[in-house]
Amino acid sequence: MPQQINADIRAFIVENFLFGDESEIPGDDASLIENDIVDSTGILEMVSFLEEHFSVEVADPEIVPENFDTIARLTAFVAGKSKAKAAAST
Amino acid sequence: MLLTAMSAAIAHRGPDEAGIHIADRAGMAHCRLAIIGLADGQQPMASADGRLHITYNGEIFNYLELRQDLESRGHHFRTKSDTEVVLHLYSDLGPACVEKLNGDFAFAIHDTQNERLFLARDRFGVRPLFYTWHRGCFYFASEIKALLAVPGIEAHLDPLALDQIFTLWAPIPPRTAFEGICELPPAHRMIVDNGAARIQRYWDLDFSDIHHDRSEDRMREETRALLEDATRIRLRADVQVGTYLSGGLDSSLIAALAKRMAPAGLSSFAVTFSDPAFDESGFQNEMADVLGTAHHTVDCNTDEIASVFPQVIRHAELPILRTGPAPLYRLSSLVRSKGIKAVLSGEGADEIFAGYDIFKEARIRRFCARQSGSQLRPHLFRRIYPYLANLKRQTPDYLAAYFGITTDCLDDPLYSHRPRLRSTAGTKLFFSEAIKKKLGDYSAADELASTLPEAFREWHPLHQAQYLETRFLLPGYILSSQGDRMAMANGIETRFPFLDHRLVEHAARVPADIKLRGLREKHLLREAMRGTIPERIAERPKQPYRAPEANAFTAKAPDYVKAAFEKTALEETGVFDVEKSTRLFKKSRLSNFTGFRDNAAFVGILSTQLWSQHFARQFRRTDETLAVPV
């Protein structure tokens, strides 16, 4: 599951922020801001993508670097959300 | 014939008259916009003894005082023009004459006795002046398109200039977008003789002499007196002078002062937008009503921006990242249609009296950096950018991250501008591999830092930021792409009271905290001019001048826009990565999110493609039969 989430997030970043250039994608633990991948609009694009693609809800207080600033953190954030959602529905 | 062709290329700058001076080894042509000395100010103008010949664009606003002084020292004048004053002053003082001039000028004087050419440009770069060497000959002109009329001079995009534009919004002088064609930097003079040129700076903005001991009351009085006098002498003309009225503090002050000094009547001109995010017509109308000006407006929305944009690039002569010049192109057209040739405008106030948001942003960044984990301090960013909807949902941690609180070095001379440089440079993602290879590890920001004066590091952080704005963005973008080039496209001369060098030097001596009091921008100016304009306008927060960006071209993409982003066109230009540019075009048309970088990249790619289509393709030819030394 996290592997697929990770792959989907990476694909979104390549498509939406790097315009297809896979060579520019940073490592899983590299900062997306410090590497100039996302800006203040970009982070909202990311929120929109997570909500629509993974069917999770993101509250404003959750939009923090601890959840969003690296691909690894994004992956863990979505995985946690999905797990909580699955647990709630069973 | 060559001079005629060069002159014809910039005839829009001077539709009233044309003249030519031809000597044995040099020639000059002039197209005149007649504003002072209508009947006897023809150019090129010769001195009485026939030794000196001048071609000159601009106005010397203190020409009456200079003339009086020259007459008292035995000079006799044949005309009423300010042009003749420059000739007399040069004959007295030589190159030092420029230090006496208070005005906006670019001129060349040919001394036929010693075969010397003297060129000079005003302190802030209001009037343009370009030059190049070709086959041992020196060529100069107010616009590059005149130089391209010289057979053999071709238009090739300079990759370093491209990098500078996509980082700093404009090339660093003397570089221009055209490889091998230079700009005489603002506040510089140049002597050309014996096949060589010497260039020297004659003035610079200096924040070394801060008058801490002067009372704020006295500073207010001086500010008011200087601004009034700066406006008064900028109304000198033998034609009616109008005023731009944006609805903000600066242009409202200028309009109010001008109205008092021009009791016969004043025409004001403004751009309006349908989108309330950009429109200021409420304030414009209120100010026009209060002053009783004959107020004229031109609407500028996405369709209008898209329709004039190719002309904007032809006149700007460089790629640009913002659409801001387009409304000003339409505005100058409106002015011309009302029979007015000269207008006052408020540019310069934000630079010299600390009005820009970037000054407040830098102050908040330093405030946050002093306690980098603070969850409260970053909220201040929202206060200075209420018009940026994207910041509203951001948490303090993210705000701190965007503005480089923990990453930017406080000792960096470019500290104030780092977030802007970073976000702008993000547009270089779209450069082609070929361009990236040519650029290697070149850094436009490093080059900018290397040009700063020695004393810069000793200045207050606000003064450092003011210097960067005034020295680079003001001449490189505000006064050129948004200023002279858009106004002169329709034969309109703009005059800027805030850029009177006496006022600028005065403001540079004022302590930083009196200009920017906490987060209150232009504190000194507001206090100095209290009572001049209605309180509602005097106290309104600054609204940056903005216009619709990428969406101006994507909602109903005109054919030329689609053509510019086509694979073959992108490949032919070779500047941008085809795949990424195509995807950006698609994203801009479909997405609800278009952030700063994508907007700037879109406009940058489109303008570069248009630049290339117009200049690079048109001005590559082989016919050199017309080569004559100039």
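Residues numbered from 1 in each chain as written. Chains lettered and ligands numbered in written order. Predicted model: local features only at pLDDT ≥ 70, side-chain atom pairs only at ≥ 80, totals over all residues. Heavy atoms only, no water.

Quick look at the overall build of chain B
Argument step 1. In terms of helices and strands, chain B carries 28 helices and 16 strands.
Argument step 2. Taking 630 residues into account, the globule formula puts the C-alpha radius of gyration at 25 Å, and chain B, at 24 Å, falls close to it.
Argument step 3. Principal-axis analysis of the C-alpha atoms gives chain B an extent of 75 × 60 × 45 Å.
Argument step 4. In chain B, which comprises 630 residues, the proportion classed as buried is 63%.
Argument step 5. Of the charged side chains in chain B, 79 are positive and 80 negative; the average position of the first set lies 4 Å away from that of the second. (Helix = DSSP H or I, 4+ residues; strand = E, 2+ residues; numbered from the N terminus. Rg over C-alpha atoms; globule rule 2.2 N^0.38 Å. Buried < 20%, exposed > 50% of the residue type's maximum accessible area, 1.4 Å probe, protein only. Lys, Arg positive; Asp, Glu negative; His and termini not counted. Charge placed at Lys NZ, Arg CZ, Asp CG, Glu CD.)

Topic: the interface of chain A and chain B
Argument step 1. Contacts between chain A and chain B engage 29 residues on the former and 25 residues on the latter.
Argument step 2. Together, the buried faces of chain A and chain B total about 2400 Å²; carbon and sulfur atoms form 58% of this surface.
Argument step 3. Residue Lys587 of chain B is joined to Glu45 of chain A by a salt bridge in which the shortest nitrogen-to-oxygen separation is 2.9 Å.
Argument step 4. Between chain A and chain B we count 8 residue pairs in polar contact (both at pLDDT 80 or more) in total.
Argument step 5. Of all the secondary structure elements, the ones that give two or more residues to the side of chain A that touches chain B are α1 (2-16), α2 (40-53) and α3 (65-68) of chain A.
Argument step 6. Take the side of chain A that touches chain B: its biggest share by element is 7 residues, from α2 of chain A.
Argument step 7. For the side of chain A that touches chain B, the residue count by class is 14 nonpolar, 5 polar and 10 charged. (Contact = heavy atoms within 4.5 Å. Buried area = accessible area lost by both parts, 1.4 Å probe. Salt bridge = Lys/Arg side-chain N within 4 Å of Asp/Glu carboxyl O. Polar contact = N/O pair within 3.5 Å; in protein donor to acceptor, adjacent residues only side chain to side chain. Nonpolar A, V, L, I, M, F, W, Y, C, P; charged D, E, K, R; others polar.)

Let's talk about the sheet that holds strand β10 (residues 188-193) of chain B
All names here are of chain B.
Argument step 1. Taking strand neighbours across the sheet as the criterion, the 6 strands line up as β3-β4-β5-β6-β10-β11 in an open arrangement whose pairing is antiparallel. The strands lining the two open edges of the sheet, one partner per strand, are β3 (45-46) and β11 (196-201).
Argument step 2. Strand direction decides the pairing type here: strand β4 (residues 52-60) and strand β5 (residues 103-111), joined by 9 bridges, are antiparallel. Paired with Glu59 across the two strands is Asp104, which belongs to β5.
Argument step 3. Strands β3, β4, β5 and β6 (116-121) of the sheet are contacted by helix α3 (residues 82-93), whose axis makes an angle of about 125° with β4. (Pairing = 2+ DSSP bridges. Axes fitted to C-alpha atoms, helices over the stretch in contact; angles between N-to-C directions.)

Quick notes on the domain arrangement of chain B
Residues and elements named next belong to chain B.
Argument step 1. Each assigned domain of chain B is listed with its residue range as follows: domain 1 (2-201) and domain 2 (551-616).
Argument step 2. In this structure, domain 1 and domain 2 have C-alpha centres spaced 36 Å apart.
Argument step 3. On the side of domain 2, 9 residues touch domain 1, which itself brings 9 residues to the contact.
Argument step 4. Sorting the residues of domain 1 by area buried against domain 2 places Ala155, Leu157 and Phe166 first, and these three jointly supply 52% of that buried surface.
Argument step 5. At the surface where domain 1 touches domain 2, the tally comes to 0 salt bridges.
Argument step 6. One can count 0 residue pairs in polar contact (both at pLDDT 80 or more) joining domain 1 with domain 2.
Argument step 7. Classifying every residue of the side of domain 1 that touches domain 2 by side-chain character gives 8 nonpolar, 1 polar and no charged. (Domains from an automatic or database assignment.)

Describing the confidence of the model for chain B
Argument step 1. The predicted model of chain B averages 94 in pLDDT, with 98% of residues at 70 or higher.
Argument step 2. Across residues 621-630 of chain B, where pLDDT falls below 50, the model places 21 contacts with residues more than four positions away in sequence or in other chains. (pLDDT = per-residue confidence, 0-100.)

Quick look at helix α20 (residues 501-508) of chain B
Argument step 1. Burial of α20 of chain B is extensive: 6 of the 8 residues sit out of reach of the surface.
Argument step 2. Against the buried residues of α20 of chain B lie α6 (216-233), α11 (349-352) and α21 (512-515) of chain B.

What about the packing of aromatic side chains?
The geometry of an aromatic ring pair is captured by the separation of the ring centres together with the interplanar angle, meaning the angle of the planes.
Residues and elements named next belong to chain B.
Argument step 1. For the structure on display, the rule yields 36 aromatic pairs over all chains.
Argument step 2. Judged by centre distance (6.1 Å) and plane angle (25°), the ring pair of Phe553 and Phe602 falls under stacked. On the criterion of sequence distance, the pair formed by Phe553 in helix α24 (residues 551-554) and Phe602 in helix α28 (residues 596-616) is long-range, its members being 49 residues apart.
Argument step 3. An aromatic cluster is present here, built from Tyr56, Tyr90, Phe105, Phe107 and Phe118 joined pairwise through their rings.
Argument step 4. The cationic tip of Arg365 hangs over the ring face of Tyr415; the distance from NZ or CZ to the ring centre is 4.0 Å.
Argument step 5. The ring of Phe283 is capped by Arg540, whose NZ or CZ atom sits 3.7 Å from the centre of that ring. (Phe/Tyr/Trp six-rings, centres within 6.5 Å; stacked < 30°, edge-to-face > 60°. Lys NZ or Arg CZ within 6 Å of the ring centre and 35° of its normal.)

Here we look at the pattern of salt bridges
Residues and elements named next belong to chain B.
Argument step 1. Applying the stated criterion across every chain yields a total of 65 salt bridges over all chains.
Argument step 2. For Arg73, the salt bridge goes to Asp92, with nearest N and O atoms at 2.3 Å. Taken together, the residues span a long stretch of sequence, with Arg73 in the loop between α2 (63-72) and α3 and Asp92 in helix α3 at a distance of 19 residues.
Argument step 3. Several salt bridges converge on common partners, so that one network encompasses Arg13, Arg127, Glu143, Lys145, Glu317, Asp484 and Arg485.

Quick look at the nonpolar core
Nonpolar side chains in soluble globular proteins generally cluster together in the buried interior.
Argument step 1. Counting 224 residues, the largest nonpolar core has Ile9, Ile13, Leu50 and Phe68 of chain A together with Phe107 and Phe553 of chain B as its most contacted members.
Argument step 2. Considering each element in turn, this core owes the most residues, 10 residues, to α28 of chain B.
Argument step 3. Of the residues that make up this core, three or more belong to each of domain 1 (2-201) and domain 2 (551-616) of chain B.
Argument step 4. Apart from residues lying up to four places away in sequence, Phe107 of chain B is in contact with Ile54, Thr55, Tyr56, Val86, Cys97, Val98, Leu101, Phe118, Leu119, Ala120 and Leu129 of chain B. (Core = buried A, V, L, I, M, F, W, Y, C linked by side-chain atoms within 4.5 Å.)

Thoughts on the sheet that holds strand β8 (residues 137-141) of chain B
Residues and elements named next belong to chain B.
Argument step 1. The sheet built from 3 strands is open, its strands ordered β8-β7-β9 with antiparallel pairing. Both edges of this open sheet fall to β8 and β9 (182-183), since each of them pairs with a single strand only.
Argument step 2. Where strand β7 (residues 130-134) lies against β8, 5 bridges are found, and the strand directions are antiparallel. Along β8, the bridge assignment pairs Tyr131 with Phe140.

A few points about the packing of α2 of chain B against α3 of chain B
All names here are of chain B.
Argument step 1. Their axes nearest at 10 Å, the elements α2 and α3 cross at an angle of 45°. With respect to α3, the element α2 is oriented oblique. Pair α2 / α3 crosses with left-handed handedness. Every residue of α3 that contacts α2 at Tyr63, Leu66, Arg67 and Leu70 is listed here: Asp82, Val85, His88, Leu89 and Asp92.
Argument step 2. Among the residues forming the contact of α2 with α3, the class breakdown is 5 nonpolar, 1 polar and 3 charged. (Parallel < 35°, antiparallel > 145°, perpendicular 65-115°, else oblique. Left-handed = near helix turned anticlockwise from the far one by under 90°.)

A few points about the pairing of β11 of chain B
For a regular strand, the rule is simple: side chains alternate between the two faces of the sheet.
Residues and elements named next belong to chain B.
Argument step 1. Where β10 lies against β11, 6 bridges are found, and the strand directions are antiparallel. Bridge pairing links His188 to Arg201 in β11.
Argument step 2. Hairpin connection of β10 to β11: 2 residues between the antiparallel strands, including Asn194 at a positive phi of 50°.

Section: the environment of Gln42 of chain B
All names here are of chain B.
Argument step 1. Position of Gln42 among the secondary structure elements: in the loop between β2 (27-32) and β3.
Argument step 2. Gln42 gets classed as partly exposed once you look at its relative accessible area, which sits at 38%.
Argument step 3. Not counting the four nearest positions on each side in its chain, Gln42 is found in contact with Glu17 and Arg32.
Argument step 4. One polar contact links Gln42 to Glu17, side chain to side chain, over a distance of 3.5 Å.
Argument step 5. A distance of 3.1 Å separates the side chain of Gln42 from the backbone oxygen of Ala39, its partner in a polar contact.

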